[in-house]
There are 4 protein chains.
Amino acid sequence: MIIVLKQEAKTEDVARIEKTIEEKGLQVHVSKGENQTIMGLIGDTTKVDPESIEVDPAVEKVMHVSELYKLANRAFHPEDSVIDVGGVKIGGGHLAVIAGPCSVESKEQVIEIAKAAKAAGANLLRGGAFKPRTSPYAFQGMGSAGLDILVAAKEATGLPIVSELMDAEYLDEFIEKVDLIQIGARNMQNFDLLKKVGKATKKPILLKRGLSATFQEWIMSAEYIMASGNPNVILCERGVRTFESYTRNTLDLQAVPVIKELTHLPIIIDPSHAGGKWWLVNPMAKAAVAAGCDGLMIEVHNNPEKALCDGPQSLKPAKFEQLMKELKPIADAVGKEI
Amino acid sequence: MIIVLKQEAKTEDVARIEKTIEEKGLQVHVSKGENQTIMGLIGDTTKVDPESIEVDPAVEKVMHVSELYKLANRAFHPEDSVIDVGGVKIGGGHLAVIAGPCSVESKEQVIEIAKAAKAAGANLLRGGAFKPRTSPYAFQGMGSAGLDILVAAKEATGLPIVSELMDAEYLDEFIEKVDLIQIGARNMQNFDLLKKVGKATKKPILLKRGLSATFQEWIMSAEYIMASGNPNVILCERGVRTFESYTRNTLDLQAVPVIKELTHLPIIIDPSHAGGKWWLVNPMAKAAVAAGCDGLMIEVHNNPEKALCDGPQSLKPAKFEQLMKELKPIADAVGKEI
Amino acid sequence: MIIVLKQEAKTEDVARIEKTIEEKGLQVHVSKGENQTIMGLIGDTTKVDPESIEVDPAVEKVMHVSELYKLANRAFHPEDSVIDVGGVKIGGGHLAVIAGPCSVESKEQVIEIAKAAKAAGANLLRGGAFKPRTSPYAFQGMGSAGLDILVAAKEATGLPIVSELMDAEYLDEFIEKVDLIQIGARNMQNFDLLKKVGKATKKPILLKRGLSATFQEWIMSAEYIMASGNPNVILCERGVRTFESYTRNTLDLQAVPVIKELTHLPIIIDPSHAGGKWWLVNPMAKAAVAAGCDGLMIEVHNNPEKALCDGPQSLKPAKFEQLMKELKPIADAVGKEI
Amino acid sequence: MIIVLKQEAKTEDVARIEKTIEEKGLQVHVSKGENQTIMGLIGDTTKVDPESIEVDPAVEKVMHVSELYKLANRAFHPEDSVIDVGGVKIGGGHLAVIAGPCSVESKEQVIEIAKAAKAAGANLLRGGAFKPRTSPYAFQGMGSAGLDILVAAKEATGLPIVSELMDAEYLDEFIEKVDLIQIGARNMQNFDLLKKVGKATKKPILLKRGLSATFQEWIMSAEYIMASGNPNVILCERGVRTFESYTRNTLDLQAVPVIKELTHLPIIIDPSHAGGKWWLVNPMAKAAVAAGCDGLMIEVHNNPEKALCDGPQSLKPAKFEQLMKELKPIADAVGKEI
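Note that this is a predicted model, so its numbers are computed, not measured.

1. Here we look at the domain arrangement of chain A
- Looking at chain A, the domain boundaries give domain 1 (2-63) and domain 2 (83-333).
- Each of domain 1 of chain A and domain 2 of chain A was reduced to a C-alpha centroid, and the two centroids are 44 Å apart.

Take a look at the structure:
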């Protein structure tokens, strides 16, 4: 941590701040420049709250030198984490493909889609039982009955299942039934929920990036889960909110190399939610694989016209199968097994 | 709702879509233009999911004509809502001032600040007992003990209290102890929490705007609470996330006239969180009052240098007192009682 | 400037970077921490391009300590600049009101509006002769003939005139005819144009903030004009682009105190372009004055229904007159003469 | 175009608006719903300025049905445009690779880089002679002397050259010396410059997307050039401005399929400027090719540590060569010749 003093700061200001820092067991290096004095803190800077320093009238600003996350930080864990989801490895050379409908609508629907997805090469099944909808008047999902349908589809196909947990009330049920518990974009900073999934289970957690979350904030949310006891976090980029409205969100594929640089966690890409249009899914899925992601999450629906949600961004099984074929040479090119 | 068909749409496409709509009990007006055919839906369009139409291969786009919210909509409730918070009216000509520390740190601290705030003219006391922090390693608040301190401060000063609820686990305790239950920006789309505060209580709810929530989404979140049974919602603008980083967030004061145009709910402004710098609070509080807001929420701390959170944006009691004096003529100018 | 080295940086890396810096005549203070080494540069850091350091393989990041602008910087010019625009003072306690139509359409129109604006209390006249339009097929303005109409309106009313210069080709004509030369938001980083208006004239320049320009970039564009020889720059906030689309742009009123903190230049607010709706102008104009701005720029049109551009955001003269009356007590409250 | 009337609109309002529209030679279809009346316009809607309608007191909003661009619109030109740049085809199955330094620094530098780039497979040479820099104190480019160096490099290698034109003053010189004239992101809405390059030449123009330009605005800027007489426009996505600051900008690869859907123009991707970090270039270049772009623009520098600008984002020739090899199988997979 670096403290930049105001031009008018006096010797007694420097001394006062120095004393405050040293009381917390850190050392301070003071550099006096022509216009400005700068203080460098040495030691465990997590003991110092930057805001408590920033408020000193002699301080102009406080700058961070090192990152605030430890458990997710690649600096302290250089090799890639590989996470086992019901027998499927995610991370480290394996490319996972999660496919399925936006929301669970009926047993027949889910099993039909699951079979088609598996036949095309998907290795996990997604489906929303509890749905976050902007409007209280929109379909809110089938709830627990939806989870049971996913379990039946798992039995029918062998595909591990992924579903979104919106409230801790249902956590035990998710731990029992679901293989990869998704925390949605809107709950990325629901810190109580993060702590609870971290404490209650070691089942893998799929943490979606919030609509306007920075990389730092997203990683800090993963750190919440990890610091609470669950190291099995997979990150998922699903588009961020920008000024552009033709596409639902702007897919930030730079997230792939950035997350790999800063953390050791796997990252998967959801091109369906990002663009909101089915014809964007194919090119963006290919781009994501070429960028080096560890997996894809793709909405597949047998009858998008009748889908209760997100029909416009869902692929029909035939188009999904076509995509899987087109992904193969790209995965090969970047050294991923699909 | 308007459906715009693709140029290549044929007569049978029009007929098929018309039939689908009419099956839901709506009427359709078809306009055939030189290049494009347009269908206007007449009747209760909440019965038609626009996504189920958009996915039809003959459809280019679906456009909304009327708003999706009913209970919050000024069109159906033309007069301003005035909400009673522990005896203090918010909305309709009354300007409420909520003041207090970011987080509750000790009984002495809170009571001292509460007395100073009251003396300066504040009429509600704020204080965080449960704190949403980006980092799991930062101070997370005193929890229930913090709520008890707020209750003690209320007894000492008579000021009704405002505090943030982060998880439904503590809802009963909040209903018992707190006068205005705050839902924070990060939980604005925690839909389960919204439903629960709507169902369990009629105590007023202060709903902060999410960091990148549109006006429409914010109002829809209020609608969640209202549709669950609690009509007493107060909206709070606290800055939105933009590309600018010198200020913590960009305070969107256009929210004041926009919310008043679209809804009948009171809106208050939090200039402390928006800018993140104490010297922005005074000018922005004045601007908010001039724009016509129904209240202000201001962080006041007796010792910002030692604050456990948000010190840099807190006013000392003397500066808060000065602000209250400067607000008076502006409130007068816009016809608000302070 | 602070250089943060990577954890793996070695003694020879430190020595190499130290040498590079010292060759440019600066001193370096090196602080070795437990995990990281930090170098503080002392002397004239404008001689060091941070990018040339950042590229060194041993460097993690380079952080700025002081601002890059000199001439606009309040640190070197503590008192407010007051700029004379054709006899009207802008800055330092005077509140200027610039009013007029979006675009010049006819002599009768402009003179009628100018007289009404003057009668209501405006002290400068605006009008677009050259219009930046998103579409090549939209009305592009009357050009030079439009400027002549503004000159005629100035003769008829005595109001100095403000108009937008889009291309250096017309610079001489603007210097001759216009009192305050506007550089529009879309040209804020048209650096050649900035240099040319800085070099060719000392007439005041009204520099609008770009749609997604940071405070720093905006001030640097002012610095371009000032460094080219023209110190008479007035800044104008007109809304920034965000994710919100109900309002055309998000008016950033924090710009007022921020610009006053960082620079000594006057700042005026354009609430008409920001919101794009006439009913937002009144509350936002009041808010801007309460925040401490030095002036307002407001679109007034005698017949918005027939306006060739920006009709929806224009006030009719009667509404403008009403606004002027309502602004008076707010200006009084913040100590500004209107 | 659709006009939505307010609930309180009366029969005479409908009649008045109908008359205004019909006077412009269009037909109107009126649909009266339970709550709202809607008017659909049929005919050449470019004759009606939506703003002139929006301002009518009986109108709630005006919605566009069809796009405002004609010449760039794929609807009227279904096949891909293929543009010849000094003998190199861009668009339609050919993948162009433009490589070179951010700025021209010396003849030796540029020729060395050009040879290395060509050897690695680049087919065009880029280099900035006139540089848009945020600060007036930063290196502004070598100007005309820089262009001459590029011409010399073209003679030495046969690579056509690409350089940025910042001001119409130098247009003739660019037409003479440069094969592909770049309009930079900051000038995307410098409409006079767009008109001038459209009118003066048929040389291909590389139009970069503005930092916060929507797809619609970007295409409209291409339309400006095309409507002025030059159909040879190539679009270039170079990252957009968002809340994220770890990366310089957010690369919007959805631009590739979107531009191909809406227009017939080629689109190339600049991963160097988007991320601002050299290690993001390789994964993003691969992703861009997988998404279906028509070309790449990559900064290559033989000595990034000494580069006068953008060193941190430049690849050394060896890394560029490696990238070109890794791109080959991905280009093959999407059916592009490299």
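2. A closer look at the sheet that holds strand S1 (residues 2-5) of chain C
Residue and element names in this part refer to chain C.
- Pairing within the open sheet is antiparallel, and its four strands lie in the order S2-S3-S1-S4. Where the open sheet ends on each side, the last strands, each with one partner, are strand S2 (27-32) and strand S4 (59-63). Shown here is a sheet whose adjacent strand axes are inclined to one another by a mean of 20°, direction ignored.

3. Digging into the UniProt feature "domain: DAHP synthetase I/KDSA" (unreviewed entry) in chain A
- In this structure's numbering, the residues bearing the UniProt feature "domain: DAHP synthetase I/KDSA" (unreviewed entry) are residues 87-328 of chain A.
- What you have in residues 87-328 of chain A is 40% helix and 15% strand, and the ends, taken at the C-alpha atoms, are 22 Å apart.

4. Examining the packing of aromatic side chains
- Under the counting rule described, the total for this entry stands at 16 aromatic pairs over all chains.
- Ring centres of A:Phe130 and A:Phe174 lie 5.8 Å apart, and the angle between their planes is 45°; on these two criteria the pair is classed as tilted. Taken together, the positions of A:Phe130 in the loop between strand S8 (124-126) and helix H4 (144-157) and A:Phe174 in helix H5 (residues 171-177) put the pair 44 residues apart, joining distant regions of the chain. In this pair, the class of A:Phe130 matches that of A:Phe174, namely buried.
- Here B:Phe191 and B:Tyr224 contribute two aromatic rings whose centre-to-centre distance is 4.7 Å and whose plane-to-plane angle is 25°, an arrangement assigned as stacked. With B:Phe191 in helix H6 (residues 191-200) and B:Tyr224 in helix H7 (residues 215-227), the pair connects residues that are 33 residues apart, well separated along the chain.
- Look at B:Phe191 and you get buried, because its relative accessible area is 1%.
- Across the ring face of A:Tyr246, the terminal group of A:Lys277 is positioned such that the distance to the ring centre comes to 4.4 Å.

5. Considering the nonpolar core
- Ranked by size, the top nonpolar core spans 312 residues in total, and within it A:Phe320, B:Phe320, C:Phe320 and D:Phe320 carry the most contacts.
- Setting aside chain neighbours within four positions, we find C:Phe320 in contact with C:Val97, C:Ala99, C:Ala117, C:Ala120, C:Ala122, C:Ile298, C:Val300 and C:Leu315.

6. Comments concerning the side chain of C:Glu164
Residue and element names in this part refer to chain C.
- Here Glu164 is to be found in strand S9 (residues 161-164).
- Buried charge without a partner: Glu164 forms no salt bridge, and the closest opposite charge is Lys131, 5.6 Å away.
- Dropping the residues within four chain positions of it, Glu164 is found in contact with Phe130, Pro132, Phe174, Gln182 and Gly184.

7. Some remarks on the interface of chain D and chain A
- Chain D puts 37 residues into the contact, and the matching count from chain A is 37 residues.
- With both sides pooled, the region where chain D packs onto chain A buries about 2,900 Å², and carbon together with sulfur makes up 73% of that total.
- Seen at the junction of chain D and chain A, the total is two salt bridges.
- Along the contact surface separating chain D from chain A lie four residue pairs in polar contact (both at pLDDT 80 or more).
- At the level of secondary structure, the elements contributing two or more residues to the side of chain D that touches chain A comprise helix H8 (255-262), helix H9 (271-275), helix H10 (278-291) and helix H11 (317-333) of chain D.
- Each residue belonging to the side of chain D that touches chain A can be placed in one class, and the counts come to 23 nonpolar, eight polar and six charged.

8. Section: the relation of the copies chain D and chain A
- Overlay of chain D on chain A (RMSD 0.0 Å): rotation 180°, translation along the axis 0.0 Å. The relationship between the two copies is best expressed as a two-fold rotation axis. Of the C-alpha atoms belonging to chain D, the one lying closest to the rotation axis is found on D:Ala287, 2.0 Å away.
- Mapped onto chain A, 100% of the interface residues of chain D are again interface residues, and the two copies thus contact each other with one and the same surface.

9. What about the interface of chain D and chain C?
- Contacts between the two partners involve 46 residues from chain D, matched on the other side by 47 residues from chain C.
- Summing both sides of the interface, chain D and chain C together bury roughly 4,000 Å²; the carbon and sulfur share of this comes to 49%.
- The interface formed by chain D and chain C includes six salt bridges.
- Between D:Lys196 and C:Asp167 there is a salt bridge whose closest N-O contact spans 2.9 Å.
- Joining chain D to chain C, the criterion identifies 21 residue pairs in polar contact (both at pLDDT 80 or more).
- Secondary structure elements with two or more residues in the side of chain D that touches chain C: helix H2 (50-54), helix H6 (191-200) and helix H7 (215-227) of chain D.
- Of the residues that constitute the side of chain D that touches chain C, the class distribution is 19 nonpolar, ten polar and 17 charged.

10. Things to note about the relation of the copies chain D and chain C
- In screw terms, the move from chain D to chain C is a rotation of 180° and a rise of 0.0 Å along the axis, fitting with an RMSD of 0.0 Å.
- When the interface residues of chain D are mapped onto chain C, 98% of them are again interface residues, pointing to one common binding face.

11. A few points about the sheet that holds strand S2 (residues 27-32) of chain B
Residues and elements named next belong to chain B.
- As summarised here, the arrangement of the four strands in space is S2-S3-S1-S4, forming an open sheet in which the pairing is antiparallel. Strands with a single pairing partner mark the edges of an open sheet, and in this sheet they are S2 and strand S4 (59-63). Sheet twist, expressed as the mean angle between neighbouring strand axes with direction ignored, is 20°.
- In this sheet, S4 lies alongside strand S1 (residues 2-5) in antiparallel orientation, the contact comprising four bridges. Looking across to S4, one finds that Leu5 is bridged to Val59.

12. A closer look at the environment of D:Glu244
- Tracing the backbone through its elements, the reader meets D:Glu244 in the loop between strand S12 (233-237) and H8.
- Take D:Glu244: its relative accessible area is 5%, and that puts it in the buried class.
- For D:Glu244, the residues in contact, after removing those within four places along its chain, are A:Arg209, A:Ala213, A:Thr214, A:Phe215 and D:Thr250.
- At 2.8 Å, the side chain of D:Glu244 forms a polar contact with the backbone nitrogen of A:Phe215.

Each value, and the rule that gives it
Residues numbered from 1 in each chain as written. Chains lettered and ligands numbered in written order. Predicted model: local features only at pLDDT ≥ 70, side-chain atom pairs only at ≥ 80, totals over all residues. Heavy atoms only, no water. Domains from an automatic or database assignment. Pairing = 2+ DSSP bridges. Helix = DSSP H or I, 4+ residues; strand = E, 2+ residues; numbered from the N terminus. Axes fitted to C-alpha atoms, helices over the stretch in contact; angles between N-to-C directions. UniProt positions renumbered as here; feature names shortened; annotations may be inferred. Phe/Tyr/Trp six-rings, centres within 6.5 Å; stacked < 30°, edge-to-face > 60°. Buried < 20%, exposed > 50% of the residue type's maximum accessible area, 1.4 Å probe, protein only. Lys NZ or Arg CZ within 6 Å of the ring centre and 35° of its normal. Core = buried A, V, L, I, M, F, W, Y, C linked by side-chain atoms within 4.5 Å. Contact = heavy atoms within 4.5 Å. Lys, Arg positive; Asp, Glu negative; His and termini not counted. Salt bridge = Lys/Arg side-chain N within 4 Å of Asp/Glu carboxyl O. Buried area = accessible area lost by both parts, 1.4 Å probe. Polar contact = N/O pair within 3.5 Å; in protein donor to acceptor, adjacent residues only side chain to side chain. Nonpolar A, V, L, I, M, F, W, Y, C, P; charged D, E, K, R; others polar. Least-squares fit on C-alpha atoms with pLDDT ≥ 70 in both.

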